[in-house]
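Observations on the model geometry
Residue strings, one per chain:
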Amino acid sequence: MTRTVIRGGLVITAAEETVADVLIEGEQVVALAAGGSQVAEGWSADRVIDASGKYVIPGGVDAHTHMELPFGGTSASDTFESGTRAAAWGGTTTIVDFAVQSVGRSLREGLDAWHAKAEGNCAVDYAFHMIMSDVTGDSLKEMDFLVDEGVTSFKLFMAYPGVFYSDDGKILRAMQQGADNGGLVMMHAENGIAIDVLVEQALASGRTDPRYHGQVRHELLEAEATHRAIRLAEVAGSPLYVVHVSAASALAELTAARDRGLNVFGETCPQYLFLSTDNLAEPGFEGAKYVCSTPLRPQEHQVALWRGLRTNDLQVVSTDHCPFCFSGQKELGRGDFSKIPNGLPGVENRMDLLHQAVVDGRISRRRWVEIASATPARMFGLYPRKGTIAPGADADIVVYDPDATQTLSAATHHMNVDYSAYEGLRVRGKAVTVLSRGTVVVDDDAYLGRPGHGRYQARATCQYLI
């Protein structure tokens, strides 16, 4: 069994910061000791990693990715192989992707299809949520079986009529089932029926450019759907996790629900913290690069989202990584914004963007680790195996240089997409050594990982329920 010691770094978890050495045996952390102590100096190792002057943090847990997702007549451009490799480069060592139930098919069939895509191809560990596109008596029963085998969260959509959409009655039934079996219902909260009317009206009046994508998906329709989802969850006695919160008004609904003591949680994404409708309005067809749903909002919403992260009314930052190349994929929507595939690349950039927020004084170092690693691991039943550095935890560890600088660019990223949503943005901080279950997968600008190293992770239920 290989023994590795990481020496001299500032170990940062959600709970504390301390200069310590970390001892790894095989795939797990077995001990921490004060740097320079007799205990640490007595450790023998096959490999010593010098982390002096650097941070030692738990690998990132990105709880919202869409590798190889079919959408809008095409598919997300990152495979499980390329997407998890890019994740590793950016310091993320676990992803939770979404298996999709097709209408008329079983949950099991959708889950099996996603296992087939991922198995043997992932560079880092992975797990699955289940998208429920067809709530029936049979699929409700299947939820119980999936929870028992470690798929403990189920995503429903108030958007995309005719594709993923569920009406309030179906949502209520799924929430009631989740209340019984411990599953966490995740919600894409936008009023899709109203949005489709606005899309039709915009196109009929000649408003076809990408910027209108943001206008028809009005923030009030996100807020209304968020309110409705909360009330349905309250009736069902179910926990609720609202994905990709983008608007201040939607966040206000979450805050009010949490103030009433409800099991309601919220996630936002880097694109809503760093990008805005200014990007959607870029000239020519460039705005198509930034089409995602929920859409980017005016810059003033960023203030509320950052505040929500500091006050814990938003608990998690995930990416909703769903990349489509500009050439040949985003271009499907030239002349009709509704045909632009919805999604942005970001799995490689999340940890660095959030560290830049530390540099800028928006969040603390421990909060950075909390929202990017520890809380998603707890929220989705992976903690303490993932999300922390402690004896018994998987040795998913990032040696992070807080003083390194880099410029985000499609020319240098490792995601399988022909543009960067953050092209030219200069950030401080970079993952220099990344370990996945004790194996070094990235080291000093060299990729050492391999497809198939990543292992499927069965999950327990949400650890925040009261």
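As a starting point, this report considers the structure included with it. (Residues numbered from 1 in each chain as written. Predicted model: local features only at pLDDT ≥ 70, side-chain atom pairs only at ≥ 80, totals over all residues. Heavy atoms only, no water.)

**Focus: the packing of aromatic side chains**
All told, the structure shown has 16 aromatic pairs when counted by the stated rule. Where Tyr-126 meets Tyr-456, the ring centres are 5.8 Å apart and the plane angle is 55 degrees; that geometry is what we call tilted. Taken together, the residues Tyr-126 in strand β10 (residues 125-131) and Tyr-456 in the segment after β19 (446-447) connect sequence positions 330 residues apart. Connected via pairs of aromatic rings, a cluster forms that spans Phe-71, Phe-157, Tyr-160, Phe-164 and Phe-324. Above the plane of the ring of Phe-98 lies Lys-155, whose end atom (NZ or CZ) is 4.6 Å from the centre. One cation-aromatic arrangement involves Arg-378 over Tyr-383; the distance from NZ or CZ to the ring centre is 4.0 Å. (Phe/Tyr/Trp six-rings, centres within 6.5 Å; stacked < 30°, edge-to-face > 60°. Helix = DSSP H or I, 4+ residues; strand = E, 2+ residues; numbered from the N terminus. Lys NZ or Arg CZ within 6 Å of the ring centre and 35° of its normal.)

**Let's talk about helix α8 (residues 219-236)**
If you check α8, its first and last C-alpha atoms are 26 Å apart, about what 18 residues at 1.5 Å a residue would give, namely 26 Å. Where α8 is concerned, the buried positions are Leu-221, Glu-222, Ala-223, Ala-225, Thr-226, Arg-228, Ala-229, Ile-230, Leu-232, Ala-233 and Ala-236. Looking one or two residues past α8, Gly-237 carries a phi angle of roughly 70 degrees, positive in sign. (Expected span 1.5 Å × (residues − 1). Buried < 20%, exposed > 50% of the residue type's maximum accessible area, 1.4 Å probe, protein only.)

**Quick word on the nonpolar core**
Note that soluble globular proteins tend to have their nonpolar side chains buried in a common cluster. Among the nonpolar cores identified, the biggest contains 131 residues, and Ile-57, Met-175, Met-187, Leu-240, Tyr-241 and Trp-368 are the most heavily contacted of them. Take this core: its biggest share by element is 7 residues, from α8. Each residue touching Tyr-241, except ones within four places of it in the same chain, is listed here: Leu-184, Val-185, Met-186, Met-187, Phe-265, Glu-267, Val-316, Ser-318, Met-379 and Phe-380. Core analysis: the second largest hydrophobic core is formed by 16 residues, Val-22, Ile-24, Ala-51 and Ile-397 among them. (Core = buried A, V, L, I, M, F, W, Y, C linked by side-chain atoms within 4.5 Å. Contact = heavy atoms within 4.5 Å.)

**Describing the sheet that holds strand β9 (residues 92-100)**
Ordered in space as β6-β9-β10-β11-β12-β13-β14-β15, the 8 strands form an open sheet in which the pairing is parallel. Edge positions in the sheet fall to β6 (60-65) and β15 (316-317), since each has one partner strand and no second. Direction of pairing for β10 relative to strand β11 (residues 153-157): parallel, over a ladder of 2 bridges. Opposite Ile-131, over in β11, you have Lys-155 as the bridge partner. Packing against the sheet, helix α5 (residues 168-181) makes contact with β11, β12 (184-188) and β13 (240-242), and its axis sits at approximately 155 degrees to β12. (Pairing = 2+ DSSP bridges. Axes fitted to C-alpha atoms, helices over the stretch in contact; angles between N-to-C directions.)

**Considering the pattern of salt bridges**
Counted by the stated rule, this structure contains 26 salt bridges. Across the pair Glu-81 and Arg-85 runs a salt bridge whose closest N-O atoms are separated by 2.9 Å. Remark: Arg-85 and Glu-81 occur in helix α2 (residues 80-89); sequence separation between them is 4 residues, near one turn of the helix. For Arg-85, a relative accessible area of 23% translates into the label partly exposed. (Salt bridge = Lys/Arg side-chain N within 4 Å of Asp/Glu carboxyl O.)

**Describing helix α13 (residues 350-359)**
Among the 10 residues in α13, 9 count as buried, and that is most of the element. Taken together, the buried positions of α13 are Arg-350, Met-351, Asp-352, Leu-353, Leu-354, His-355, Gln-356, Ala-357 and Val-358. A positive backbone phi angle near 80 degrees is found at Gly-361, which sits one or two residues after α13.

**Some thoughts on the packing of α13 against helix α14 (residues 365-379)**
One way to put it is that α13 packs onto α14 with a least axis distance of 9 Å and a crossing angle of 155 degrees. Classified by the interaxial angle, the pair formed by α13 and α14 is roughly antiparallel. In the crossing of α13 with α14, the sense of the turn from one axis to the other is right-handed. Where α13 abuts α14, its residues Arg-350, Met-351, Leu-354, His-355 and Val-358 lie against Arg-365, Trp-368, Ile-371, Ala-372 and Ser-373. A per-class count over the contact of α13 with α14 returns 6 nonpolar, 2 polar and 2 charged. (Parallel < 35°, antiparallel > 145°, perpendicular 65-115°, else oblique. Left-handed = near helix turned anticlockwise from the far one by under 90°. Nonpolar A, V, L, I, M, F, W, Y, C, P; charged D, E, K, R; others polar.)

**Details of the side chain of His-244**
Here His-244 lies in the loop between β13 and α9 (248-259). Side chain to side chain, His-244 and His-188 meet in a polar contact 3.2 Å long. When near neighbours in sequence (up to four residues on either side) are disregarded, His-244 contacts His-64, His-188, Glu-222, Glu-267, Cys-269, Tyr-272, Ser-293, Thr-294 and Asp-320. (Polar contact = N/O pair within 3.5 Å; in protein donor to acceptor, adjacent residues only side chain to side chain.)

**Quick notes on the environment of Ser-276**
Tracing the chain through its elements places Ser-276 in the loop between α10 (270-274) and α11 (277-280). Since its relative accessible area comes to 2%, Ser-276 is described here as buried. For the pair Ser-276 and Pro-295, spaced 19 residues apart in the sequence, the C-alpha separation amounts to 8.7 Å. Among residues more than four places away in sequence, those in contact with Ser-276 are Leu-296, Arg-297, Pro-298, Gln-299 and Gln-302.

**Structural notes on the packing of α5 against α8**
At a minimum axis distance of 9 Å, the contact between α5 and α8 shows a crossing angle of 45 degrees. Our classification of the angle between α5 and α8 gives oblique. In this structure, α5 crosses over α8, and the sense of that crossing is right-handed. On α8, the residues that touch Asp-168, Ile-171, Leu-172, Met-175, Gln-176 and Ala-179 of α5 are Arg-228, Ala-229, Leu-232, Ala-233, Val-235 and Ala-236. Looking at the contact of α5 with α8, its residues break down into 9 nonpolar, 1 polar and 2 charged.

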